[in-house]
Amino acid sequence: MKISELESEIGFECLQAEYEDAVLSGGYTSDLLSDVMANAEEGSVLVTIQAHKNTVAVASLTGVAAIVFCNNRPVGEEVIDAASQEGIAVFLTGDSQFLATAAIARHLEQ
Amino acid sequence: MSEERMQPLQSSLRVQELIYGLRISEVMTNKVFAVSRNCTMRDVRIIMKENAISGVPVVDNKRVVGIVTMNDLMNALEKGRMDDCVILWMAGEVQTLAEDMPLSFAISAFGKFPFRQFPIVNKKNELVGIITFRNINLALIRELSRQLREMENQQENPADENSLALVKVYQLHRYDFENGGKASSEIKRYLKERGISSKLIRRVAVASYELEINLVAHSIGGMLGFDITKDRVKISSHDRGPGIEDVDKAMTEGFSTANEWIRSQGFGAGMGLPNVKRVSDEFAIKSSVGMGTMVQAIIYLNSEEKNEDQRA
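Rules and cut-offs
- Residues numbered from 1 in each chain as written.
- Chains lettered and ligands numbered in written order.
- Predicted model: local features only at pLDDT ≥ 70, side-chain atom pairs only at ≥ 80, totals over all residues.
- Heavy atoms only, no water.
- Contact = heavy atoms within 4.5 Å.
- Buried area = accessible area lost by both parts, 1.4 Å probe.
- Salt bridge = Lys/Arg side-chain N within 4 Å of Asp/Glu carboxyl O.
- Polar contact = N/O pair within 3.5 Å; in protein donor to acceptor, adjacent residues only side chain to side chain.
- Helix = DSSP H or I, 4+ residues; strand = E, 2+ residues; numbered from the N terminus.
- Expected span 1.5 Å × (residues − 1).
- Buried < 20%, exposed > 50% of the residue type's maximum accessible area, 1.4 Å probe, protein only.

**Q** Explanation requested: the interface of chain A and chain B in the structure shown.
**A** Frequently, the measure chosen for interface size is the accessible area that the parts lose on association. With 20 residues of chain A at the contact, the number on the chain B side is 22 residues. Counting the surface lost from both chain A and chain B, the interface buries some 1700 Å², and carbon and sulfur atoms represent 46% of this. The three residues of chain A that bury the most area against chain B are A:Ser34, A:Met37 and A:Leu61, which together make up 35% of that side's buried surface. Along the contact surface separating chain A from chain B lie zero salt bridges. Inspection of the region where chain A meets chain B yields nine residue pairs in polar contact (both at pLDDT 80 or more). Elements represented by at least two residues in the side of chain A that touches chain B include exactly α2 (33–39) and α3 (53–62) of chain A. The greatest single-element share of the side of chain A that touches chain B, amounting to seven residues, is contributed by α3(A).

And the structure:
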């Protein structure tokens, strides 16, 4: 599935749309940034509740292409600014990490 | 690149990099005059006078048990007790330093304690040398002139523009999560612009980011240095304290001393140092409570071989 389909197919709200739409290589779900650092794949989507700038930094360094913030966590403007600078797509959902991950996984298989 | 090296800020930071890069054993005086417990203050006076030194360690079976300084000698002289055994006048609580510590630890020790010299011991706790400010000054002058010569050479034969070579140092401050990550991003961009493969860049980024966050989250402040050549990226992290009590524990995945606030920032999973080690081809850590921690990670640019997923 493509990054834009996180919005069009699954219904996550897109907060940062300045990104290059590409096919997702996979996904990773974690709130521990060192864990993300160690395990997230390049070109994948990160599912997390850790809504701050460090998450964008980690995503950028590991090559994560899109971030989904769960549980409607408030996302600060500095997070969006950092993500737009790095060209990383940002989405928000009221779903838990579990539900968001399950939804993405279903679509990734197709 | 040579322009960058000539910037005054960068070059003064090179001095810092230098004091971290040198080991105490490379700087200390190897020839130590020591006395045994039953020597007299008069013996010490003769040794000090003949060798123009200001402190003599007292040893028992190569172990340092005390030190007699000029001050102790003057006190004994004043009281007319020059034939007393040294143990009556020496300072018994001696702060020693280990020979394999970085020079920066010795410099912190001079700031922390009132002593003018520190006996240096090896792993077996045996006396192997002594360090004074004079040793440090001489070593710095020697190293700085060597570096100056190198820089002059570089100016005469400037490296070509596509060269990878870079020396850069970043200062990091406690709890400044705002800027933690900046150095890693810059270095990542630098390597990307020069066509380094994304796999290698990722390894450099992981090591550098974890070290950066460690400095911000756990140290009272420090620096992160990058020394890049065509063959390798060397990342050095140095801080001024507090130092790690148990390095083996700190290297264990899952062990963390992070507080709630650090955790709320998404860190403190106890994966930082293990992550750095896992992505590095060479890894070294040295820490001393009260003096600081030094970590060095090297990633070779010609070996994509190291499998990142292989758990260390």
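Additional details are given in the paragraphs that follow.
**Q** Whenever I open this one, helix α8 (residues 182–193) of chain B confuses me. Can you help?
**A** Because the α-helix completes a turn every 3.6 residues, residues three or four places apart line up on one side. End to end, α8(B) covers 17 Å across 12 residues, agreeing with the expected 16 Å (1.5 Å per residue, within 8%). The inward-facing, buried residues of α8(B) contact α3 of chain A together with β7 (166–172), α9 (198–218), β8 (222–228) and β9 (232–239) of chain B. Looking at the residues trailing α8(B), positive phi occurs at B:Gly195, about 75°.

**Q** Looking at this model, I keep getting lost on the pattern of salt bridges. Mind explaining?
**A** A side chain of one charge can pair with a side chain of the opposite charge if their charged atoms are brought near each other. Residue and element names in this part refer to chain B. Under the definition given, this model contains 11 salt bridges over all chains. A salt bridge links Arg-42 to Asp-83; the shortest N-O distance between them is 3.1 Å. Taken together, the residues span a long stretch of sequence, with Arg-42 in helix α4 (residues 41–51) and Asp-83 in the loop between α5 (70–78) and β4 (97–98) at a distance of 41 residues. For Asp-83, a relative accessible area of 56% gives the class exposed. Here Asp-84 ties to Arg-81 by a salt bridge, and the two come within 2.8 Å at their closest N and O atoms. Residue classification places Asp-84 among the buried positions, given a relative accessible area of 15%. For Arg-81, a relative accessible area of 38% corresponds to the partly exposed category. In the salt-bridge network here, residues are joined through shared partners; they are Asp-100, Lys-123 and Lys-286.

Keep in mind these values describe shape, not function.
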